[in-house]
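Residues per chain, in single letters:
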Amino acid sequence: MELLKVTHLHKEFGQNTVLNDINLSVEKGEVVVIIGPSGCGKSTFLRCLNGLEEIQGGVITISGLPVEAGKRDITKLRQKIGMVFQSYELFPHKTVLENIILAPTKVQKRDKEEATKEAIALLDKVGLVDKKDYYPRQLSGGQKQRVAIVRALLMHPEVILFDEVTAALDPEMVHEVLETMIALAKSGSTMLIVTHEMAFAKAIADRIIFIDKGDIVEETRDVKEFFNEPKTERAKKFLKTFAYE
Amino acid sequence: MDKDILIEYFPLYKDALFLTLKIGWQGIILAFVIGLIGSAIIHFKTPVLKRIVGIYIELFRNTPLLVQLFFIYFALPKVGIQITAQTCGVLGLGLLGGAYMIETFRSGLEAVPVIQTESALSLGMSDFQTLWHVILPQAISISVPGILANVIFLLKETSVFSTISLMDLMFTAKDLIGMYAKTIESLFLLVVFYLVMLLPISIIGAIVERRVRYGQFGD
Amino acid sequence: MANLGIDVLFKGTNFLRLLQGLWVSIEISLIAVVLSIILGLVVGMLMTLNNPFLKAILKVYLEIVRIMPQMVLLFIVYFGTTRVFGWDVSAEASAIIVFTFWGTAEMGDLVRGSIKSIPVIQFESAWALGLNKMQTYFYIIFPQTIRRLIPLSINLITRMIKTTSLVLMIGIVEVLKVAQQIIEANRNSSPNAAFGVFAVVFLLYFIVCWPISRLATYLEKRWE
């Protein structure tokens, strides 16, 4: 079942074309990993998908409904699209639990008790239930990021976008976050992941998308082969930057 | 200094203090409300209203409260707008303070990173929910030192109320000096009462500023 | 416009008198600002020295200025000194003393803030070159703070002009007093004069203060 469809997406900042002509279709339950050099437009691509950026051309649909920035019903659509940011962006004035249940109770008008119960169950899964009454600044980066993931999950999104979620973390904390994401992938969530962690990409991806200079240069479901023997020169060159002779 | 005189004058000053506090408090609440609404208008870049708020801020920040009060109290009745001296005090203080509070809140709102807004939006919150639940609480805590500074500034500004015949502390002092020439005692009580009113706020301000300057929650 | 009393201002020298009244408070402001800037530089510098006794005194000074309404200070100087010391301080002199006392504290705090924003290593490298404290402040530190201080000092001018409207209360004939006199003199022929005259006073203050604060904002943005 096709969940997310992007056709002829074009995005520019002023004179600068960031995304040229992106076409992509994501099935339910699929884990798509987007990689590419810094500044290739992969983060901008994610931001377009939930209407944080206005696009200059093309159509994005989720479950058949168009995503358009600035439109009134964009909040409805965003509830179907979860997003986790590089810098966590927990709300500093709310506790872990309050952070998590804020949107479900205020936006989806769900029962507070029910939301709390689910939040605690999810926190338990990621090993943070004892931190539920802490404020974000009392947590480590890895813990914050896991809370941010739980916060996105509690909205029951149909697809979750991960924007370089480990880029701001200390190396020893990267693992705990990636573990959480792998568990999530196994449970059948639809995920779009932008990352620089190649080993992780290899482990989690059903499909790899390689973007360079605003275009999809290579796209494959044969993940192993992509990392061993990419088809395009540009992907080869990019993967080489991660290797040490 | 004559102790009996001090005791005799004390109740007069006490009443004056209560009047000052009453008008001051109401004026500050009004200023706060104007500040919230005005800064939200600027924050959301509401087309026409934004211009009006801008003009209002410039007008009231660039004229003395004394002149604003004279205009409201003496000039407006001539075009049929009649209000009591107390209402005039509240209105004058609220309008002046509002212009300052808008600026304070606005810079607080600007200090909250844009990505916090994006993070709330990506959870499906509306613009208003984002402002109310996510941005405003952070902005206000960043603004607390500025708000308290405004409160002190506004309570000090109440000293011009005597010019529209409100029997505040200044009025009482001036009256007693003029009538009985007990200058020292009158001035002494004047200083003491202003200290009583403003020193606690100033001290709280210093403590709070240290606590919330960086919007730190959870200590 | 006749019924709103604007016409009163065009009778005889009325408008000129109003402007003269405004000039009285602007003059007091300018004198006080100049004195405040000079004294403020000194006070601000003193505040950054690590002398505990000096620090305590200056702290009390700042706190007095922060808490006491300028009007109270005006009353103390104008009425109080005559009574206690037998001095006969004129209203104008009282005003200049009080507004300089206030302005110096404001300016001093601004100077302190901008000196503090200069990295310590700048002081240290100046000392390493053999400059003494005074030389360090005048050749190294002040020039670096000047861009921050100029907009703030300009802002102080508008605040000073607004605050000097208070001198009405100690009997100085400034623009509001002149306005009252004009309204009073024309109360029969033009009963609504209060509206026109006070509206004009309001606008006059705005016309004087607005360009100055725009200039301060402009410089602040340009030099940030």
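Structure: above.
We now turn to the structure provided with this report. (Residues numbered from 1 in each chain as written. Chains lettered and ligands numbered in written order. Predicted model: local features only at pLDDT ≥ 70, side-chain atom pairs only at ≥ 80, totals over all residues. Heavy atoms only, no water.)

### Topic: the sheet that holds strand E8 (residues 191–194) of chain A
All names here are of chain A.
Part 1: Within the open sheet, the six strands sit side by side as E6-E7-E8-E3-E9-E10. Their pairing is mixed. The open sheet has two edge strands, strand E6 (81–84) and strand E10 (215–220), and neither has a second partner. The mean angle between the axes of side-by-side strands here comes to 20°, regardless of whether they run parallel or antiparallel.
Part 2: Inspection of the sheet shows E6 paired to strand E7 (residues 159–163) by four bridges, in the parallel sense. Residue Gly 82 lies in a different strand from E7, and its bridge partner there is Ile 160. (Pairing = 2+ DSSP bridges. Helix = DSSP H or I, 4+ residues; strand = E, 2+ residues; numbered from the N terminus. Axes fitted to C-alpha atoms, helices over the stretch in contact; angles between N-to-C directions.)

### Quick look at the interface of chain B and chain A
Part 1: Across the boundary between the two partners, chain B contributes 20 residues, which contact 27 residues of chain A.
Part 2: Summed over both partners, the interface of chain B with chain A comes to about 2100 Å²; 61% of that surface belongs to carbon and sulfur atoms.
Part 3: At the junction of chain B and chain A, the tally comes to one salt bridge.
Part 4: A salt bridge links A:Arg47 to B:Glu118; the nearest nitrogen and oxygen atoms lie 2.6 Å apart.
Part 5: At the junction of chain B with chain A, the criterion picks out seven residue pairs in polar contact (both at pLDDT 80 or more).
Part 6: Contributions of two or more residues to the side of chain B that touches chain A are made by helix H5 (114–122) and helix H6 (127–157) of chain B.
Part 7: With seven residues, H5(B) is the largest single contributor of residues to the side of chain B that touches chain A.
Part 8: Looking at the side of chain B that touches chain A, its residues break down into eight nonpolar, 10 polar and two charged. (Contact = heavy atoms within 4.5 Å. Buried area = accessible area lost by both parts, 1.4 Å probe. Salt bridge = Lys/Arg side-chain N within 4 Å of Asp/Glu carboxyl O. Polar contact = N/O pair within 3.5 Å; in protein donor to acceptor, adjacent residues only side chain to side chain. Nonpolar A, V, L, I, M, F, W, Y, C, P; charged D, E, K, R; others polar.)

### Things to note about the sheet that holds strand E5 (residues 65–66) of chain A
Residues and elements named next belong to chain A.
Part 1: Here four strands make up an open sheet; going across it, the order is E2-E1-E4-E5 and the pairing antiparallel. With partners counted over all chains shown, the strands left at the sheet margins are strand E2 (16–27) and E5, one partner each.
Part 2: With five bridges connecting them, strand E1 (residues 2–13) and strand E4 (residues 57–62) associate as antiparallel partners. Its bridge partner being in E4, Leu 4 is matched across the sheet by Ile 62.
Part 3: Against the sheet, helix H1 (residues 42–49) engages E1, E2 and E4, with an angle of about 120° to E1.

### Considerations on helix H3 (residues 96–106) of chain A
Part 1: In terms of residue burial, H3(A) counts as a mostly covered element, since nine of its 11 residues are buried.
Part 2: Turning to H3(A), its buried residues are A:Val96, A:Leu97, A:Asn99, A:Ile100, A:Ile101, A:Leu102, A:Ala103, A:Pro104 and A:Thr105.
Part 3: Summarising the contacts, the buried residues of H3(A) are in contact with helix H4 (112–125) and helix H5 (141–153) of chain A together with H6 of chain B. (Buried < 20%, exposed > 50% of the residue type's maximum accessible area, 1.4 Å probe, protein only.)

### Thoughts on the pairing of E8(A)
Residue and element names in this part refer to chain A.
Part 1: Of the two faces of E8, both are covered, the one formed by Met 191 and Ile 193 as well as the one formed by Leu 192 and Val 194.
Part 2: In this sheet, E8 lies alongside strand E3 (residues 31–35) in parallel orientation, the contact comprising four bridges. Paired with Val 32 across the two strands is Leu 192, which belongs to E8.
Part 3: Of the strand pairs in this sheet, E7 and E8 are connected by four bridges, and their pairing is parallel. Its bridge partner lying in E8, Ile 160 is registered against Met 191.
Part 4: Crossover E7 to E8 through helix H6 (residues 171–186) is right-handed. (Right-handed = clockwise from strand over helix to strand, strands pointing away.)

### Here's the deal with the pattern of salt bridges
Part 1: Evaluation of the coordinates by the stated rule reveals 25 salt bridges over all chains.
Part 2: Note that B:Arg106 is salt-bridged to B:Glu103, the shortest N-O span being 3.5 Å. Here B:Arg106 pairs with B:Glu103, and both are found in helix H4 (residues 85–111), just three residues apart, close to one helical turn.
Part 3: Taking the relative accessible area as the measure of exposure, B:Arg106 reaches 24% and is therefore partly exposed.
Part 4: Using a relative accessible area of 26% as the deciding quantity, one classes B:Glu103 as partly exposed.
Part 5: B:Glu110 is the partner of B:Arg106 in a salt bridge, and the nearest nitrogen-oxygen pair spans 2.9 Å. Taken together, the residues span about one helical turn, with B:Arg106 and B:Glu110 both in helix H4 at a distance of four residues.
Part 6: One continuous salt-bridge network, built from bridges that share partners, spans A:Lys11, A:Arg47, A:Glu53 and B:Glu118.

### Describing helix H1 (residues 3–43) of chain B
Part 1: Relative to the 60 Å expected for 41 residues at 1.5 Å per residue, H1(B) spans 55 Å between its end C-alpha atoms, a close match to the ideal helical length.
Part 2: Once H1(B) ends, the next one or two residues include B:Lys45, with phi positive near 50°. (Expected span 1.5 Å × (residues − 1).)

### Points about the packing of H1(B) against H4(B)
All names here are of chain B.
Part 1: In the contact formed by H1 and H4, the axes pass within 5 Å of each other and the chain directions differ by 40°. Between H1 and H4, the interaxial angle falls into the category oblique. Considering the relative orientation of H1 and H4, their crossing is right-handed.
Part 2: Across the contact of H1 with H4, the residue classes tally to 16 nonpolar, 12 polar and two charged. (Parallel < 35°, antiparallel > 145°, perpendicular 65-115°, else oblique. Left-handed = near helix turned anticlockwise from the far one by under 90°.)

### Concerning the packing of aromatic side chains
Part 1: Considering all chains together, one arrives at 25 aromatic pairs over all chains under this definition.
Part 2: Note on A:Phe210 and A:Phe226: the rings are 6.5 Å apart at their centroids and 45° apart in plane angle, and the pair reads as tilted. Remark: A:Phe226 occurs in helix H8 (residues 223–228) and A:Phe210 occurs in strand E9 (residues 207–212); sequence separation between them is 16 residues. Taken individually, A:Phe210 and A:Phe226 each receive the classification buried, so the pair is uniform in this respect.
Part 3: Residues A:Phe238 and A:Phe242 carry aromatic rings whose centres are separated by 5.2 Å and whose planes lie at 75° to one another, so their mutual orientation is edge-to-face.
Part 4: Accessibility expressed as a relative area gives 32% for A:Phe242, which makes it partly exposed.
Part 5: Within the aromatic cluster, the residues linked to one another by ring pairs are A:Phe210, A:Phe226, A:Phe227, A:Phe238 and A:Phe242.
Part 6: One cation-aromatic arrangement involves A:Arg151 over A:Phe91; the distance from NZ or CZ to the ring centre is 4.5 Å.
Part 7: Across the ring face of B:Tyr100, the terminal group of B:Arg61 is positioned such that the distance to the ring centre comes to 4.2 Å. (Phe/Tyr/Trp six-rings, centres within 6.5 Å; stacked < 30°, edge-to-face > 60°. Lys NZ or Arg CZ within 6 Å of the ring centre and 35° of its normal.)

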